[in-house]
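Chain by chain, the residues run as shown.
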Amino acid sequence: MMEKDRTVTPPPRTKGPAHYTSLEIQPWEAMEAWMTPEEFVGFLRGNVIKYLARAPRKGGAEDYRKALHYLEKLVSLLADQAVDAEQAADKEISDNLDI
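The present account deals with the structure reproduced in this document.

## Some words on the packing of helix α2 (residues 27–34) against helix α4 (residues 61–97)
Argument step 1. Put simply, α2 and α4 touch, their axes get as near as 13 Å, and they point 40° apart. Compared by their axis directions, α2 and α4 come out oblique. α4 is crossed by α2, and the crossing has right-handed handedness. Side by side, α2 and α4 meet where Trp-28, Glu-29 and Glu-32 of the first sit next to His-69, Tyr-70, Lys-73 and Leu-77 of the second.

Structural data, given as structure tokens:
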């Protein structure tokens, strides 16, 4: 099975405050490269939970927006992983047919 390319490349600018958007490499892009896929999913899930849990008592609508931001990244990541898994399965089937 092919290993995913884990190099960090600057992503398109994400939304957020200037202290994040002005960086050449976004922090979560670096974390995704340095963590295992399972660790990165856990990081995203944990942040969704954190912002949802604290929103009523601390950040209100802003915390709900932050939770949504992490959730959107999580959904995108999981969708990409599903596509990668499907492509790997298709390649394995194709390789076995060439025997």
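## Re the side chain of Asn-47
Argument step 1. Counting through the fold element by element, Asn-47 comes out in helix α3 (residues 37–54).
Argument step 2. In this structure the side chain of Asn-47 is engaged in a polar contact, spanning 3.0 Å, whose partner is the backbone oxygen of Phe-43.

Rules used in this analysis
Residues numbered from 1 in each chain as written. Predicted model: local features only at pLDDT ≥ 70, side-chain atom pairs only at ≥ 80, totals over all residues. Heavy atoms only, no water. Axes fitted to C-alpha atoms, helices over the stretch in contact; angles between N-to-C directions. Helix = DSSP H or I, 4+ residues; strand = E, 2+ residues; numbered from the N terminus. Parallel < 35°, antiparallel > 145°, perpendicular 65-115°, else oblique. Left-handed = near helix turned anticlockwise from the far one by under 90°. Contact = heavy atoms within 4.5 Å. Polar contact = N/O pair within 3.5 Å; in protein donor to acceptor, adjacent residues only side chain to side chain.

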